[in-house]
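Architecture at a glance
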Amino acid sequence: MKEEARREAEAEASKILSAIVSLFSSVYVTKWKDYFCQMELRFAPSFQSRIITCASMEVLQAYLTWRQKDCHVQNQCNTCLWMLIKSGNSEREAQEVLKGTGKQERNELLFQQFGINYKKLPPMFRQGSCVLRRAKRFKSEGTPFS
């Protein structure tokens, strides 16, 4: 019985996740011009998402801290990759340049070759963003518990 309940819960979580990502993607595309009116959206966006359960707020905080650090590393690598490609390297050449580089080496590459001080980019681009909402519980008549 437990295995069946677990599979049902996973299926429901998958449906919820699919709906959320679909809605987010749709809104992102339809609202693009409202925020970036001077830029054409040239490619269809794609997003990663997960549904996770955490035993406590401390576990959630540790998970989100890890994800934020991962976002930073990925963004820094992508910033280097696309700057190298813009400067005339092929994608393969750019990947070779970056292969095995660390954070400091990528910072130096961006600054020395492109005049970009990665630490001065807006935090939203360097570290990602997160929205966290605490669930509210409501009384039977619809008013929230204090």
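Residues numbered from 1 in each chain as written. Predicted model: local features only at pLDDT ≥ 70, side-chain atom pairs only at ≥ 80, totals over all residues. Heavy atoms only, no water.

Secondary structure assignment for the protein chain yields five helices and zero strands. Whereas a compact globule of 146 residues would reach a radius of gyration of roughly 15 Å, the protein chain reaches 21 Å, over 25% beyond that. Over its C-alpha atoms, taken along the principal directions, the protein chain stretches across nearly 60 × 35 × 35 Å. Within the protein chain, buried positions represent 13% of all 146 residues. (Helix = DSSP H or I, 4+ residues; strand = E, 2+ residues; numbered from the N terminus. Rg over C-alpha atoms; globule rule 2.2 N^0.38 Å. Buried < 20%, exposed > 50% of the residue type's maximum accessible area, 1.4 Å probe, protein only.)

What follows is about the side chain of Arg106. When you line up the elements, Arg106 lands in helix α4 (residues 103–114). No salt bridge forms around the buried Arg106; measuring N to O, its nearest opposite-charge neighbour Glu105 is 6.3 Å away. (Lys, Arg positive; Asp, Glu negative; His and termini not counted. Salt bridge = Lys/Arg side-chain N within 4 Å of Asp/Glu carboxyl O.)

A word on the nonpolar core. Among the nonpolar cores identified, the biggest contains ten residues, and these are Cys80, Leu81, Met83, Leu84, Ala94, Leu98, Leu109, Leu110, Ile116 and Tyr118. Mapped onto this core, the elements with two or more residues apiece are α2 (57–86), α3 (91–98) and α4. Sorting elements by how many residues they give to this core places α2 first, with four residues. (Core = buried A, V, L, I, M, F, W, Y, C linked by side-chain atoms within 4.5 Å.)

It is worth spelling out the environment of Ile16 at this point. Locating Ile16 in the fold gives a position in helix α1 (residues 2–35). Residue Ile16 is classed as partly exposed on the basis of its relative accessible area, which comes to 46%.

What follows covers the packing of aromatic side chains. Counted according to the given criterion, the structure contains six aromatic pairs. The interplanar angle of 50 degrees and the centroid separation of 5.8 Å between the aromatic rings of Tyr28 and Trp32 together place this pair among those described as tilted. Highlighted residues: Tyr28 and Trp32, both in helix α1, separated by four residues, approximately one helical turn. Residue Tyr28 is classed as partly exposed on the basis of its relative accessible area of 31%. On the accessibility criterion, Trp32 (11% relative accessible area) is buried. Consider the rings of Tyr28 and Phe47, whose centres lie 5.1 Å apart with planes at 75 degrees: the pair is edge-to-face. (Phe/Tyr/Trp six-rings, centres within 6.5 Å; stacked < 30°, edge-to-face > 60°.)

Moving on, we get to the side chain of Thr79. Along the polypeptide, Thr79 turns up in helix α2. If sequence neighbours within four positions are ignored, Thr79 has contacts with Leu110 and Tyr118. (Contact = heavy atoms within 4.5 Å.)

Its 30 residues give α2 an end-to-end C-alpha distance of 42 Å, which sits within 8% of 44 Å, the value for a rise of 1.5 Å per residue. The complete set of buried residues in α2 reads Leu60, His72, Gln76, Thr79, Cys80, Leu81, Met83 and Leu84. Against the buried residues of α2 lie α3, α4 and α5 (123–127). Once α2 finishes, Gly88 follows within two positions and takes phi at roughly 115 degrees, a positive value. (Expected span 1.5 Å × (residues − 1).)

Interaxial distance between α2 and α3 falls to 9 Å at its minimum, and their mutual angle equals 135 degrees. Here α3 runs oblique to α2, going by the angle between their axes. For the pair α2 and α3, the sense of crossing is right-handed. Contacts from Cys77, Cys80, Leu81, Leu84 and Ile85 of α2 reach α3 at Glu91, Ala94, Gln95, Val97 and Leu98. Its residues assigned to classes, the contact of α2 with α3 shows eight nonpolar, one polar and one charged. (Axes fitted to C-alpha atoms, helices over the stretch in contact; angles between N-to-C directions. Parallel < 35°, antiparallel > 145°, perpendicular 65-115°, else oblique. Left-handed = near helix turned anticlockwise from the far one by under 90°. Nonpolar A, V, L, I, M, F, W, Y, C, P; charged D, E, K, R; others polar.)

Take it as geometry only, folks, not as evidence of what the structure does.
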